[in-house]
Amino acid sequence: MVAGMTQSHLRISKAVIPAAGLGTRFLPATKATPKEMLPVVDKPAIQYVVEEAVSAGLDDVLMITGRNKRPLEDHFDRNYELESALQKKGDAGRLAKVQESSDLATMHYVRQGDPKGLGHAVLCAAPHVGNEPFAVLLGDDLIDPRDPLLKRMIEVQEQRGGSVIALMEVAPEQIHLYGCAAVETTEDSDVVKIGDLVEKPDPADAPSNYAIIGRYVLDPRIFDVLRKTEPGRGGEIQITDALQLLAQDEKVGGPVHGVVFKGRRYDTGDRGDYLRAIVRLACEREDLGPDFRTWLRSYVTEEM
Ligand code: G1P
C-alpha cells in the first residue's frame, strides 16, 4: 500500500453480482433455467453485466447464487468438449465465442442459502470483499455498453469516499418500483448528495422521482450496518435501508452520493423491457443489424 493511503483509497477491483432470484416473471422459461441465462440476442443477460464490470476495471467477480444456478458457473467456466469439437472443425469464430466468457474475469461463487433480500445477498459477500470499497451490479439492469456508468461511479467514489449509487429520473407513477432518493445538487452536474432513501415508496410519499438503478459502489463499512438492518419492504433485508442509515450519519461509513445516469438502461427482469433490449441491441449489431432493421421496418409498416 502507498504510504498515507487508507484502506478506503485502495483501487476498487471487486464486483459483486447478486444472482439468487427465482425469476418468476419469466415462467415457464425460468422453471429449470436461471433467469440470468436468458439470451439477449445471442448472449446470456448475465454476460453483459460481467463484461460491464470488467470494462470498468473490475476483474474479480463474486456471484451470489442459490440452488438451480449451476448453469451460471458452467457458463463462465471452460467447456473442453465443445472447444475440442470446434477446434477439430477449424471453426475459430465460434471457438472464440465459447472461450470469451471463461477468459473474462476471475470468477467466485457463494450461495445465499435463504432468500432474505438484496441486503442479505450483499452481506454474503463480506468474507470475500474484506475491507475494500467494492461494486454491486444487479443482473436485471442492463446498461448499454456505450454509456459507461460504473467507471464514473468509481471515479466519484475515489474523489469523495463513502458510497455511490446510480440514479435515474423516472415518471412519478413508476417510482414505487424502485428505491427512491432525496437529493441535493453538488458542483458536479451529474453528482448529487443523498439525504434520504426509501425502498419502493408509495408515489404520495416519494421524496423525488430519482430512482436507484442497480449499480452501487459501496464502502465496506456497509457490512456492519447490514448485519444490524431489520427486514423492511416485503419482509426482506434491503440494501436501500442500510444506505439510508449511512446517508443520515456520515460518521458511520462516509457520505452517500448519487451519479445521475442519462444513458440507455434496460430492465431485463421485465418482459416488455427485455423484448425492447433485444430489438435495440439486435438493430445495432454489425452482423445482424442491417437485415433485421430492413425486416423490422417492413413488419412495422405492413403488419401493424
Ligand atoms: C432492487 C432494489 C431497488 C432498486 C432496483 C433497481 O429492487 O431493491 O432499490 O431500485 O433493484 O433495479 P428489485 O428490482 O430487485 O425489486
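Rules of the game
Residues numbered from 1 in each chain as written. Predicted model: local features only at pLDDT ≥ 70, side-chain atom pairs only at ≥ 80, totals over all residues. Heavy atoms only, no water. Helix = DSSP H or I, 4+ residues; strand = E, 2+ residues; numbered from the N terminus. Rg over C-alpha atoms; globule rule 2.2 N^0.38 Å. Buried < 20%, exposed > 50% of the residue type's maximum accessible area, 1.4 Å probe, protein only. Contact = heavy atoms within 4.5 Å. Areas by Shrake-Rupley, 256 points an atom, 1.4 Å probe, with all protein chains shown as cover. Lys, Arg positive; Asp, Glu negative; His and termini not counted. Charge placed at Lys NZ, Arg CZ, Asp CG, Glu CD. Pairing = 2+ DSSP bridges.

Asker: Summarise the overall build of the protein chain; cite the residues concerned and give the values.
Answerer: Along the backbone of the protein chain there are 12 helices and 13 strands. Radius of gyration (C-alpha) of the protein chain: 20 Å, near the 19 Å computed for a compact globule of 304 residues. Across the 304 residues that make up the protein chain, the buried fraction comes to 48%. Partitioning the intrachain contacts of the protein chain with sequence separation of at least 6 by distance along the chain shows that 76% fall at a separation of at least 24. As displayed, the protein chain has an accessible area near 15,500 Å², and 51% of this comes from carbon and sulfur atoms. In the protein chain, the 37 positive side-chain charges and the 48 negative ones have mean positions that sit 3 Å from each other.

Asker: Talk me through the pairing of strand E1 (residues 14-18); I want residue IDs and the actual numbers.
Answerer: Burial analysis of E1 places 5 of its 5 residues in the buried class, the great majority of the element. The two faces of E1 match: Lys 14, Val 16 and Pro 18 on one face and Ala 15 and Ile 17 on the other face are all buried. Alignment of E1 against strand E4 (residues 60-65), held across 5 bridges, turns out to be parallel. Its bridge partner being in E4, Lys 14 is matched across the sheet by Asp 60. Pairing geometry for E1 and strand E6 (residues 134-137), over 2 bridges, is parallel. Within the sheet, the bridge partner assigned to Ala 15 lies in E6 and is Ala 135.

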